[in-house]
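Here are the chains, one letter per residue:
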Amino acid sequence: DPSAPWSQAFETTLGEVAEGELRISRFAKLTVLYAPNKAPHVLVVEPRAQDETASIYCITDPGKPWTRCSQAPPLSSRARPMPVYTRTKSGSAADFSTALLSVDQASNELLVYHMAETSEKPWVLVSTLPIAGSKERGGEADKKQMWDGVEEKVGQEQKLEQK
């Protein structure tokens, strides 16, 4: 019942620096996503981290601390991730694949990752696409490069459809 009062399942204090088993700082950006096995996961991007900026935690029991997964996509500290779920026309709503679109503001790229059936297998980088850059990069030149890349991909797809 959405109108029922919420009950707290798990609480922890986040410090300035990520520490302990649940290594999440108070500056972290959290994204909730669902694996193909329907288990909820939390993707954590640490904007102030020096080395390992992204990590994934599995929520096996809402009342217990999250379990850190051994695999996570290699995202930069300036990444902005968004989960995308797809399924085939003939499949049921319960049969889906999980992908992650990530705008990397550091490299001005859109990265597409595919999540394996379980979170213990590595993420697969499906594609990268340059996007219009920030002031540090050329602006108009970046837009032209992006659209040239899009036109090239569309042309390749059209050729495949004609075959």
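This text gives an overview of the structure that appears in the document. Given the structure is predicted, the values throughout are model-derived calculations rather than measurements.

## A closer look at a nonpolar patch on the surface
Point 1. Taken together, the side chains of Val 32, Tyr 34 and Tyr 85 present a nonpolar region at the surface, about 280 Å² in accessible area.
Point 2. Following the sequence through the fold, Val 32 ends up in strand β1 (residues 29-34).

## Examining the sheet that holds strand β5 (residues 79-86)
Point 1. Spatially, the four strands line up as an open sheet ordered β5-β6-β7-β8, and their pairing is antiparallel. Two strands close off the open sheet at either side, each with one partner strand: β5 and β8 (124-130). When strand polarity is set aside, the average angle formed by the axes of neighbouring strands in this sheet is 20°.
Point 2. One ladder, built from eight bridges, connects β5 with strand β6 (residues 97-104); its direction is antiparallel. Following the sheet pairing, Met 82 is matched in β6 by Leu 101.

## Observations concerning the side chain of Ser 102
Point 1. For Ser 102, the location among the structural elements is in strand β6.
Point 2. Overall, Ser 102 belongs to the buried group, its relative accessible area being 0%.
Point 3. Sequence-distant contacts of Ser 102, that is, excluding residues within four places in its chain, are made with Leu 75, Ala 79, Arg 80, Pro 81, Glu 109, Leu 110 and Leu 111.

Thresholds, definitions, all that
Residues numbered from 1 in each chain as written. Predicted model: local features only at pLDDT ≥ 70, side-chain atom pairs only at ≥ 80, totals over all residues. Heavy atoms only, no water. Patch = residues over 30% accessible without salt bridge, like charges linked within 9 Å, V, L, I, M, F, W, Y side chains within 5 Å. Areas by Shrake-Rupley, 256 points an atom, 1.4 Å probe, with all protein chains shown as cover. Salt bridge = Lys/Arg side-chain N within 4 Å of Asp/Glu carboxyl O. Helix = DSSP H or I, 4+ residues; strand = E, 2+ residues; numbered from the N terminus. Pairing = 2+ DSSP bridges. Axes fitted to C-alpha atoms, helices over the stretch in contact; angles between N-to-C directions. Buried < 20%, exposed > 50% of the residue type's maximum accessible area, 1.4 Å probe, protein only. Contact = heavy atoms within 4.5 Å.

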